[in-house]
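Structural characterization, general
Spelled out, the chains give:
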Amino acid sequence: MKLVTAVIKPHMFQEVREALDALGINGMTVSEASGHGRQRGHTEVYRGAEYEVDLVPKLRLEVIADDREAADVVRVIADSARTGRIGDGKVWVVPVESVLRVRTGELDDAAI
């Protein structure tokens, strides 16, 4: 099993979610995040005053997938989150040793 984690632009979430649904992925965890990559934030103007936004708002998506599905999950997230502009995000994969569904006690593949 793999944990696929993605940090994406918030306005791209609906497209990513629909693409994952089409792939058959029905479980995910989504949380708000903020940070920056190479762009190091940006400058905005509010009521005539210019200020620096150091941490850009993002969404963090986490999906546990079977080893065979992980590459497809990464591809689908990347394809559906891509705008071609700076700050599109990152996707990374880490191994998962074990998963337990708390309600039923199911383990590993049965718990996904």
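Anyway, here's the lowdown on the structure attached to this text. (Residues numbered from 1 in each chain as written. Predicted model: local features only at pLDDT ≥ 70, side-chain atom pairs only at ≥ 80, totals over all residues. Heavy atoms only, no water.)

**Focus on the overall build of the protein chain**
Here is the rule: Numbered from the N terminus, helices here are DSSP runs of H or I no shorter than four residues, and strands are runs of E no shorter than two. A simple rule labels every residue: compare its accessible area, found with a 1.4 Å probe on the protein chains alone, to the largest value its type can have, and call it buried under 20%, exposed over 50%, or partly exposed in between. When checking whether two residues touch, look at their non-hydrogen atoms; a contact exists if any pair is within 4.5 Å. The Shrake-Rupley method, run with a 1.4 Å probe sphere, supplies the accessible areas, and residue values consider only the shown protein chains as cover.
Scanning the protein chain from N- to C-terminus turns up two helices and six strands. Counting from the amino terminus, the protein chain carries its helices and strands in the arrangement β-α-β-β-β-β-α-β. Projecting the C-alpha coordinates of the protein chain onto the three principal axes gives extents of approximately 55 × 25 × 20 Å. Across the 112 residues of the protein chain, 29% fall into the buried class. Contacts spanning at least 24 positions in sequence make up 71% of the contacts within the protein chain whose residues lie at least 6 apart. As presented, the protein chain carries roughly 7500 Å² of accessible surface, and 50% of it is formed by carbon and sulfur atoms.

**So, the side chain of Lys58**
The cut-off we apply is this: Positive: Lys, Arg. Negative: Asp, Glu. His and the chain ends are not part of the count. Here a salt bridge means any side-chain nitrogen of Lys or Arg lying within 4 Å of a carboxyl oxygen belonging to Asp or Glu. N or O atoms within 3.5 Å of each other form a polar contact, as long as, within protein, one can give a hydrogen and the other can take it, and as long as residues adjacent in sequence are counted only when both atoms are side-chain atoms.
The topology assignment puts Lys58 in strand E5 (residues 56-65). Although Lys58 is buried, it forms no salt bridge, and the closest oppositely charged side chain is Asp88 at an N-O distance of 6.9 Å. A distance of 2.4 Å separates a polar atom in the side chain of Lys58 from the backbone oxygen of Gly87. Sequence-distant contacts of Lys58, that is, excluding residues within four places in its chain, are made with Val7, Ile8, Lys9, Pro10, Ser31, Glu32, Ala33, Ser34 and Gly87.

**Digging into unusual backbone geometry**
Positioned with a positive phi, Asp108 is a non-glycine residue whose angle comes to about 50°. Within the secondary structure layout, Asp108 lies in the segment after strand E6 (89-95).

**Some points on the environment of Asp88**
Note that Asp88 resides in the loop between helix H2 (70-81) and E6. Along the chain, Asp88 and Pro10 lie 78 residues apart, while their C-alpha atoms are 9.9 Å from each other. Those residues in contact with Asp88, other than ones at most four positions away along the chain, are Val7, Ile8, Lys9, Ala81, Arg82 and Thr83. A polar contact of 2.4 Å, which involves the side chain of Asp88, links it to the side chain of Thr83.

**Describing the sheet that holds strand E1 (residues 2-8)**
So the rule is basically this: Note on pairing: two strands pair once DSSP finds at least 2 bridges between them. For helices, the fitted line uses only the C-alpha atoms of the stretch in contact; every axis is such a line through C-alpha atoms, and the angle between N-to-C directions lies from 0 to 180 degrees.
On the basis of which strands lie adjacent, the open sheet formed by four strands has the order E2-E5-E1-E6 and antiparallel pairing. In this open sheet, the two edge strands, each paired with only one partner strand, are strand E2 (29-35) and E6. On average, each strand axis in the sheet is inclined to that of its neighbour by 20°, with strand direction left out of account. Most of the contacts of helix H1 (residues 13-23) go to E5, to which it runs at about 10°, and overall it touches E1, E2 and E5.

**Details of the environment of Ser34**
Relative to the helices and strands, Ser34 is located in strand E2. Given a relative accessible area of 51%, Ser34 falls into the exposed group. As a C-alpha pair, Ser34 and Asp54 span 20 residues in sequence and 9.2 Å in three-dimensional space. The residues contacting Ser34, other than those within four sequence positions of it, are Leu55, Val56, Pro57 and Lys58.

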